[in-house]
Amino acid sequence: MRLLNEIKEDIQAVLERDPAAKSVLEVILCYPGLHAIILHRLAHFLYNKGLVILPRLISEFSRFITGIEIHPGAKIGKRLFIDHGMGVVIGETAEIGDNCTIYQGVTLGGTGKEKGKRHPTIGNNVVIGAGAKILGPFKVGDNSKIGAGAVVLKEVLPNSTVVGVPGRAVRRCGVAINKDEVDLDHHKLPDPIKQEIEYLKHRIELLEKRINELEGGKCKDAAI
């Protein structure tokens, strides 16, 4: 019964967050991200019963039909939405909170051959943009956004926006969002490189103006 309720919530998450989703039937039949989550929930249930081979076979079958690889040991919260999903990889000790959204090409991976906890823990209401890589046994705080293509190698505080390679926080709003609302505007992220270039451009313009003023003053002195 619990497994069935979780699947119902996963379906509802797709309907709420994807404007292309028109009906429950369409979501059930046509969304590989949902298929991967359903198969993972089954594999994880068996994994927790001490089985090894059968859960891994389910995981391999899921990867074959969806292009999404989730280790049976990974812990996934409620209402996860994997949009598109091709190329998503979620490692064995990864943990994902409630109301999270993951886009294609995301990796929740490790950084070596260490044993024990070696994959990230993702908080609640986190949005991870396409192609982002989060590598290591640290936490990404609640309500955070990871920009597309970012490579995150260290802890992310709650309510942060992280972009770049390596990933760095460029915004911390300090305000938690409602747990029933997921902010999907991950494309509206600041560009720190662009901001730095614009700042340098502004400084150059000020310096050029000052130089012109000084040179103009010298010309006047010479004329006198």
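For clarity, every value in this text was computed on a predicted model and none was experimentally measured.

## Remarks on helix α3 (residues 32–48)
- Spanning 17 residues, α3 covers 24 Å between terminal C-alpha atoms, matching the ideal 24 Å at 1.5 Å per step.
- Within α3, the full set of buried residues consists of Gly-33, Leu-34, Ala-36, Ile-37, Leu-39, His-40, Arg-41, Ala-43, His-44 and Leu-46.
- Buried positions along α3 lie against α1 (2–17), α2 (24–30), α4 (53–66), β1 (69–70), β2 (75–76) and β3 (81–82).
- Downstream of α3 by one or two residues, Gly-50 has phi in the positive range, about 95 degrees.

## Some thoughts on the side chain of His-119
- With respect to the secondary-structure elements, His-119 resides in the loop between β7 (107–109) and β8 (121–122).
- Side chain to side chain, His-119 and Thr-93 meet in a polar contact 2.7 Å long.
- Other than its neighbours up to four places away in sequence, His-119 contacts Gly-91, Glu-92, Thr-93, Ala-94, Leu-108, Gly-109, Gly-110, Gly-136 and Pro-137.

## Some points on the UniProt feature "domain: Serine acetyltransferase N-terminal" (unreviewed entry) in the chain
- On the UniProt side, "domain: Serine acetyltransferase N-terminal" (unreviewed entry) is annotated at positions that read residues 3–37 here.
- Along residues 3–37 one finds 80% helix and 0% strand; the C-alpha atoms at either end are 11 Å apart.

How each quantity is defined
Within each chain, residues carry numbers counting from 1 in the order of the written sequence. Side-chain atom pairs in this predicted model are given and counted only at pLDDT of 80 or more, local residue features only at pLDDT of at least 70, and totals for whole chains, interfaces and linings cover all residues. In computing side-chain properties, one takes all heavy atoms of the structure into account and sets aside hydrogens as well as water. A run of H or I in DSSP becomes a helix once it reaches four residues, and a run of E becomes a strand once it reaches two; helices and strands are each numbered from the N terminus. One fewer than the residue count of a helix, multiplied by 1.5 Å, yields its expected span. The buried label goes to any residue with under 20% of its type's maximum accessible area, the exposed label to any with over 50%, and the partly exposed label to all in between, with areas taken from a 1.4 Å probe on protein chains only. When checking whether two residues touch, look at their non-hydrogen atoms; a contact exists if any pair is within 4.5 Å. Contacts described as polar in this section are N or O atom pairs within 3.5 Å, which, within protein, must combine one atom able to donate a hydrogen with one able to accept it, while residues neighboring in sequence count only if both atoms come from side chains. UniProt positions are given in the numbering used here, feature names are shortened, and annotations may be inferred rather than shown by experiment.

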